[in-house]
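# Structure assessment
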Amino acid sequence: MTPTAAQPSSPLPIMKTVGDLRAQVAAWRRDGLTVALVPTMGALHDGHLGLVRRARDLADRVVATIFVNPTQFAPHEDFDRYPRDEAGDATKLAGAGCHALYAPDVRAMYPQGFATAISVGGPAEGLCGTFRPQMFGGVALVVTKLFLQALPDVAVFGEKDYQQLMVIRRFTRDLDIPVRVEGLPTVREADGLAMSSRNAYLSADERSRAPELYRALTAAAEALARGGEADGALTAIRSRIAEAGFGSIDYVELRDAETLEPVTAALRPARLLAAAWMGKARLIDNVGVPPSL
Ligand code: PAF
């Protein structure tokens, strides 16, 4: 595996083992090149490709990873039906200027006898941490492994998974992992719906209603920035998305933008975050709220 040409090659070199990944990164290091990592679970859309393009601005070489990580799914969740298309993803990555793909299989990441877990608190508490209690420990485990396997200079994640981004920032800092964690603003469809691999679960009718989540969050963020009261803003979001056809609402909350501690007013930069079900799709979204006067 020697994808060392200055320009991204096509088809994209695909590495399956940590040995191949490390050999590639070491070769780049010998040439004095910097390396960015873009961890994904595949089923790539323009949001992911935006991460790759941002990574290209930040480093000389970009490695994307595709690994549908079993430890972040509970047994009743969508691990088995999570969309997978490695060949299509590789073509998209090559088109976005990615230099190599690391796509290990489950046994390579979690060999027989694997017995280690990572426990995360702080920004992992509440929100998705309540409704998907397995998730952030699993994310911390796999992202820590990917960081230690690739040892990149920088890694890029989307703000669409805002709580995940804050959790990754926190454990990277807490564990002194020498990787800079960069966030990229959410990439949206023309009607505002946040791009997500799980949008594939939406029927045409559900898809037409789904952007109301973003519209409700944006309207509430504007009201809060004008000095509006938090309870009213959260209630307005709930009724607006329920009216749009969202079924169960997991949460709608206002949190401190950095620590993710609950706040009752946007006196410092804050974040409105929501998760709700449209049919079989659990959609999450969030928007920033500037401090009100
Ligand atoms: O956001 C994702 O796609 C995943 O949670 C991640 C960060 C790749 C870890 O599996």
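Residues numbered from 1 in each chain as written. Predicted model: local features only at pLDDT ≥ 70, side-chain atom pairs only at ≥ 80, totals over all residues. Heavy atoms only, no water.

If you look the protein chain up in an unreviewed UniProt entry, it shows as Pantothenate synthetase from Azospirillum thiophilum. The heading Subunit (unreviewed entry) in the UniProt record of the protein chain holds the text "Homodimer." (UniProt positions renumbered as here; feature names shortened; annotations may be inferred.)

### Digging into the overall build of the protein chain
A count of helices and strands for the protein chain gives ten helices and nine strands. The C-alpha radius of gyration computed for the protein chain amounts to 19 Å, which stays within 12% of the reference 19 Å derived for 293 residues, consistent with globular compactness. Here the C-alpha coordinates of the protein chain stretch approximately 55 × 40 × 40 Å along the principal axes. In the protein chain, which comprises 293 residues, the proportion classed as buried is 53%. In the protein chain, once contacts between residues fewer than 6 apart in sequence are set aside, the share between residues at least 24 apart is 72%. On the protein chain, roughly 13000 Å² of surface is accessible, and the fraction owed to carbon and sulfur atoms is 53%. Taking the average place of the 32 positive charges on the side chains of the protein chain and the average place of its 34 negative ones, the gap between the two points comes to 2 Å. (Helix = DSSP H or I, 4+ residues; strand = E, 2+ residues; numbered from the N terminus. Rg over C-alpha atoms; globule rule 2.2 N^0.38 Å. Buried < 20%, exposed > 50% of the residue type's maximum accessible area, 1.4 Å probe, protein only. Contact = heavy atoms within 4.5 Å. Areas by Shrake-Rupley, 256 points an atom, 1.4 Å probe, with all protein chains shown as cover. Lys, Arg positive; Asp, Glu negative; His and termini not counted. Charge placed at Lys NZ, Arg CZ, Asp CG, Glu CD.)

### Examining the sheet that holds strand β1 (residues 14-15)
One open sheet accounts for six strands, arranged β1-β4-β3-β2-β5-β6; its pairing is parallel. Because the sheet does not close on itself, it has two edges, and the strands there are β1 and β6 (180-184). For strand β2 (residues 35-40) and strand β5 (residues 154-158), the ladder comprises two bridges, and the chain directions are parallel. In the sheet register, alanine 36 faces β5, and the bridge partner there is valine 154. (Pairing = 2+ DSSP bridges.)

### Concerning the packing of aromatic side chains
Applying the stated criterion across every chain yields a total of six aromatic pairs. Taking 6.0 Å as the distance between ring centres and 75 degrees as the angle between the ring planes, the aromatic pair formed by phenylalanine 73 and tyrosine 82 counts as edge-to-face. Residue classification places phenylalanine 73 among the buried positions, given a relative accessible area of 4%. Considering the side-chain rings of tyrosine 110 and phenylalanine 114, the 5.0 Å spacing of their centres and the 85 degrees angle between planes classify their relative orientation as edge-to-face. Tyrosine 110 sits in the buried class, given a relative accessible area of 6%. An aromatic cluster of three or more residues is present, and its members are Phe67, Tyr110 and Phe114. Cation over ring: arginine 81 sits above tyrosine 201, and NZ or CZ is 4.4 Å from the ring centre. Sitting over the face of the ring of phenylalanine 79, arginine 84 holds its NZ or CZ atom 4.9 Å from the ring centroid. (Phe/Tyr/Trp six-rings, centres within 6.5 Å; stacked < 30°, edge-to-face > 60°. Lys NZ or Arg CZ within 6 Å of the ring centre and 35° of its normal.)

### Here's the deal with the UniProt feature "binding site: beta-alanine" (unreviewed entry) in the protein chain
When the UniProt feature table is mapped onto this chain numbering, "binding site: beta-alanine" (unreviewed entry) sits at Gln72. The residue glutamine 72 is located in the loop between β3 (61-66) and α3 (86-95) in this model. What makes glutamine 72 buried here is its relative accessible area of 8%. Apart from the residues lying within four places of it in its own chain, the contact partners of glutamine 72 are Met41, Glu77, Arg132, Gln134, Met135, Gly138, Val139 and Val142. Only 2.9 Å separates the side chain of glutamine 72 from the side chain of asparagine 69, close enough to count as a polar contact. (Polar contact = N/O pair within 3.5 Å; in protein donor to acceptor, adjacent residues only side chain to side chain.)

### Regarding the site of the ligand
Taken together, Pro39, Thr40, Met41, Asn69, Gln72, Val139, Val142, Phe157 and Gln164 make up the full set of residues adjacent to the ligand. Here an oxygen atom of the ligand sits 2.7 Å away from a polar atom, N or O, in the side chain of glutamine 72. One of the side-chain N or O atoms of glutamine 164 is found 2.7 Å from an oxygen atom in the ligand. Elements supplying a minimum of two residues to the shell around the ligand: β2 and α6 (135-150). Along the lines of polarity and charge, the residues of the shell around the ligand split into five nonpolar, four polar and no charged. (Near = heavy atom within 4 Å. Nonpolar A, V, L, I, M, F, W, Y, C, P; charged D, E, K, R; others polar.)

### Side note on the sheet that holds strand β9 (residues 281-289)
Across the sheet, three strands lie side by side as β7-β8-β9; this open sheet has antiparallel pairing. With partners counted over all chains shown, the strands left at the sheet margins are β7 (249-256) and β9, one partner each. Each strand of the sheet is rotated relative to its neighbour by a mean of 10 degrees, with strand direction disregarded. Lying over the sheet, helix α10 (residues 230-243) contacts β7 and β8 (270-278), oriented at roughly 150 degrees with respect to β7. (Axes fitted to C-alpha atoms, helices over the stretch in contact; angles between N-to-C directions.)

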